[in-house]
Structures are given as C-alpha cells and as structure tokens.
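# Observations on the three-dimensional arrangement
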Amino acid sequence: MITLRPHQDQWITDLRTALRTNQAVMAQAPTGFGKTVCSAFMAQNTVAKGNGLIFIVHRQELIDQTSNTFTLAGVKHGFVAAKRPFNPHCKIKVASVGTLVNRLDKVKVPELVVVDEAHHATAVSWNKVVQWAKDGGARIVGLTASPWRLDAKGFREFDAMIEGPSTSWLIENKFLSDYRAFAPSTPDMTGVGKSMGDFERRGMEKVMDTPKLVGDAVRHYLKYARGMKTLVFCVSIKHSIHMAEQFRAAGVSALHLDGTTPTDERRRAVKAFADGHIEVLCNVDLFGEGFDLSSLAGKDVPIEAVIMCRPTMSLSMYLQQCGRGLRYKKAPAIILDHAGNMEKHGLPDGDREWSLEPRKKKKKGEAGGSVPIKQCPQCFFCHAPAPVCPNCDHVYEAAGREIDEEEGDLAEISVVQARALRKSEEKNARTIEALTELGRERGYRHPQEWAAHKLSARLVASRRFRNQRRYG
C-alpha cells in the first residue's frame, strides 16, 4: 500500500468527507503536492472495496506518466486510449478524454471518476464525460492546482471544493523547493491581440522573438543559473528553436521540444537532460500541466531553473510554469521571468482565494495574487508593496510608477519579505472575525470562506504537533 504524508492523508480525509454529501468535488492542491500519487492511493482503496475507477487525462504524455505512477504503486490498470488495448473487465482504467468521449457507450460507468487538470472540465468533450459519469451515478473528483478559468465562468459542474495546503506552507515545510525570483520590466504587449482570453500567439512571437530579448534570456541564464537543469517556456516553435540555437551559440547544451517532436526523440532528450548531458530544454506547451519529467525519465529529475519567455493572461498556466521548478531540492530554484508574468499574477507562492463561483475579471494592471509586486524605477528591485524601496530608499510617488524598458539586469524579487509580511498579518489575526476582516482588506470575494479555511488549517497543524510530541 502507498504510504501518504500527513498533509496528503488529511487531504484524502477531507475529500472523503466531502464525497459523502456531494457527487462531484473539486480537489485543489498546488503543483508538486502529489495529486497523482494520491490518486493511485484512491485506486488501491477502490479496488480493495471491489469498485472501479477511471482516471482521465487530456494529453498522451500524461497517459504514460500516470500509468508509470500507478505501476510503481502496484496498481494494475487498463486503458481507454488510442493505440492501447482495451480490457472492459479491468477495474482501474487510465483514459484519454479524447478517446473516452467517443466510447461512452462501450465503457461501464465506474463507482469513481477522477478528472485530472479539472479546470478544463467545462470544455465540450470534458463536459460530456462528466455528465456521463453523473448520469451513471459515479462519484467525481476533479484534480487541479488552480481552479481558475480565463473566461471567469466558474465551475458549476462541481458541487463542492476542498483545498490542500498552500504553496507557501509546502515550501516552509520542505515539501516543495524554495526559490529566488528575478524579473525584468514588463514587455510591451500593446497591440497584441487576444485569442480565447490569452495573448494571440503570432503577436507574442513578434514581441518575444527578437535578438535583444532572446539574447537577454541567455545572458541572465549564464549569470544566475549556469549549469542548472533548466526549462525555457517559449511562445512558438520558431521562438523555441531560436532560443535553443542561442543557448548553444553561448556554449550551453540545449534542445528544442514541442508536441510534434516524435515520442522516441522526446524520450531520448528527456533522458539526456536527466543524465546531465543536456542543460536546457526549450519547449512550447509541453512541460506544463501535470507533466512530470521524473516519471517519464524513470528517475528523479529536479528542475533547478525556469525561464519564462511566454507571456500569459492565464493564472493557471503561470503557476504551472513556476511549479516545474518547485519540486523539492535543497538549493532554491531560480525563476527568471522575461515575460512580465509575475507582475501580472503575483508571486508563485502568493495567497490566492479559490472558488467554484464565477469571478469578476481583473481590471487592466491588477495582479492575480494577493501580494502584488512593486518594482523600483531607480534600481529595478522587486518587492512587496511599500512606500519606500527597501533596496535604495527611493520614495514612491502616489500616482504610480514608470518602469524603464531598456536593457538592464533582472531585479530579484524579495520573496522572503513578501512571505514574512503575509505570515505576520495572518498570525496577528487570531480569531475568525480578524481573519475575515484581513480577507476583506486583501480584496477576497469570499473572506469568510478563506478565514474558515485558514482557521481549520491551524487546528489541523496544532493537532499534528500535539500528536508528534505525544507519540514522538
């Protein structure tokens, strides 16, 4: 049997409790929490009760990855996926949503359906599968690191949501890696069109695939992350190829990969990366949602640095990209943001309020996190909001700020300062009323729910501490 860590065990307990009174539950936990391992644990318990489970993913790479995790956990399983044998009698199945949606009349509805990356569950194919599961009486679990949609419509397909520990808690307790973040001035996205709520790809390519910005990314890698296992997120195949070429021209072993790269070639590249023969992998929409390099490589592959050269309006995409570097390792990860994403969305471990309800879309310039980033126009230092720059004592004007867009070193974001400010505010709010008021001050849409979640987490931590002292 799989042995879960205490915080994972608590998450499973909360999920079981929610499923007693709700058919469909969204289960949120940060990237790197171990949601697939927890799913394998659910599969073990489901089989032990004589029931069935289908685990649904949206990309072919995730079929292999999930299968590897289940196999390592000793969970026998079949598939509902293209070019895979179908065994209708197998209790546990790993399914591709694209294949399953065309075989709903041939597949028996199991007792439990687990939807990976469930923030996609409102798309047409996903919606059909979820409705099929509901009509068949299945309990449904939606896994996601970020229950957040670009169209702000919410998740009415789910009846309730449970939340795992925050990214900052996982970092502080050494379940995720700490990080050092650097960010340049925000690229000028004026005139770049939108497609399905995010920046249009051709427009992004014109902004980001320039000799200056490509060279700048290589220069800062050499300064802050030389020799580290690094992922670079690019806007297009052409952009990614150019990035890899410039890294190699600078003497850095680098490769480009994307969804069209043949599977065998991709696996060889990942193995070379894992073995240290390749230092930098430039990619387009490949190493994002749910992707686990370690599972594909068959060995631990901690990503030591992430370079963001892909601007995005999507909070989910941003957190997924940062999360690639937060898998635990002793040294802090290096995050180099050349896309202005941190200024738009806040720090990777910033406090965020999750909800199934539709949200009000952010106004232009509003950050996605509760701790927006301020960047000094004098020294380019990035830090939590303050009237004076903590690095050079520059006093900010009330009207706002202007950022020099010209070439310069990336400014390190004061992660420790921002984290300390959040913790201090929350520690001083000792009652549910005080926490609710703090939530209102931070602009949360549901401050009472956030306060209740925080208070519950405190009680769980307190009980765990007492048990550790009692039982050693």
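What you see is a predicted model; the values in this text were computed from it and never measured.

### Let's talk about the packing of helix H1 (residues 6-21) against helix H2 (residues 35-48)
Packing of H1 against H2 brings their axes to within 11 Å, and their N-to-C directions diverge by 55 degrees. Between H1 and H2, the angle falls in the class oblique. Between H1 and H2 the crossing geometry is right-handed. Here H1 contributes Gln-8, Trp-11, Ile-12, Leu-15 and Arg-16 to the contact with H2, which in turn contributes Lys-35, Cys-38, Phe-41, Met-42 and Asn-45. Looking at the contact of H1 with H2 residue by residue, the classes come out as 6 nonpolar, 2 polar and 2 charged.

### Re the side chain of His-239
Its place among the elements puts His-239 in helix H9 (residues 237-249). A relative accessible area of 1% means that His-239 is categorised as buried. Those residues in contact with His-239 that sit more than four places away from it in its chain are Glu-205, Met-208, Asp-209, Val-214, Cys-234 and Cys-309.

### So, the pattern of salt bridges
Scanning all chains against the criterion turns up 9 salt bridges. Between Arg-156 and Glu-357 there is a salt bridge, and its shortest N-O distance comes to 3.4 Å. Remark: Glu-357 occurs in the loop between helix H13 (341-345) and strand E16 (374-375) and Arg-156 occurs in the loop between strand E6 (139-144) and strand E7 (160-163); sequence separation between them is 201 residues. The exposure class assigned to Glu-357 is partly exposed, which follows from its relative accessible area of 37%. Among the ionic pairs, Asp-275 bridges to Lys-271, the shortest N-O distance being 2.9 Å. Because the salt bridges share partners, they merge into one network encompassing Asp-64, Arg-84 and Arg-267.

### Re the sheet that holds strand E1 (residues 24-28)
Overall, parallel pairing links the 7 strands, which are arranged E3-E4-E2-E5-E6-E1-E7 in an open sheet. In this open sheet, the two edge strands, each paired with only one partner strand, are strand E3 (78-80) and E7. Between one strand axis and the next, the sheet turns by 20 degrees as a mean value, whatever way the strands run. Packing of H2 onto the sheet brings it into contact with strand E2 (53-57), strand E4 (92-96), strand E5 (112-115) and E6, and relative to E2 it is tilted by some 160 degrees.

Rules behind the numbers
- Residues numbered from 1 in each chain as written.
- Predicted model: local features only at pLDDT ≥ 70, side-chain atom pairs only at ≥ 80, totals over all residues.
- Heavy atoms only, no water.
- Axes fitted to C-alpha atoms, helices over the stretch in contact; angles between N-to-C directions.
- Helix = DSSP H or I, 4+ residues; strand = E, 2+ residues; numbered from the N terminus.
- Parallel < 35°, antiparallel > 145°, perpendicular 65-115°, else oblique.
- Left-handed = near helix turned anticlockwise from the far one by under 90°.
- Contact = heavy atoms within 4.5 Å.
- Nonpolar A, V, L, I, M, F, W, Y, C, P; charged D, E, K, R; others polar.
- Buried < 20%, exposed > 50% of the residue type's maximum accessible area, 1.4 Å probe, protein only.
- Salt bridge = Lys/Arg side-chain N within 4 Å of Asp/Glu carboxyl O.
- Pairing = 2+ DSSP bridges.

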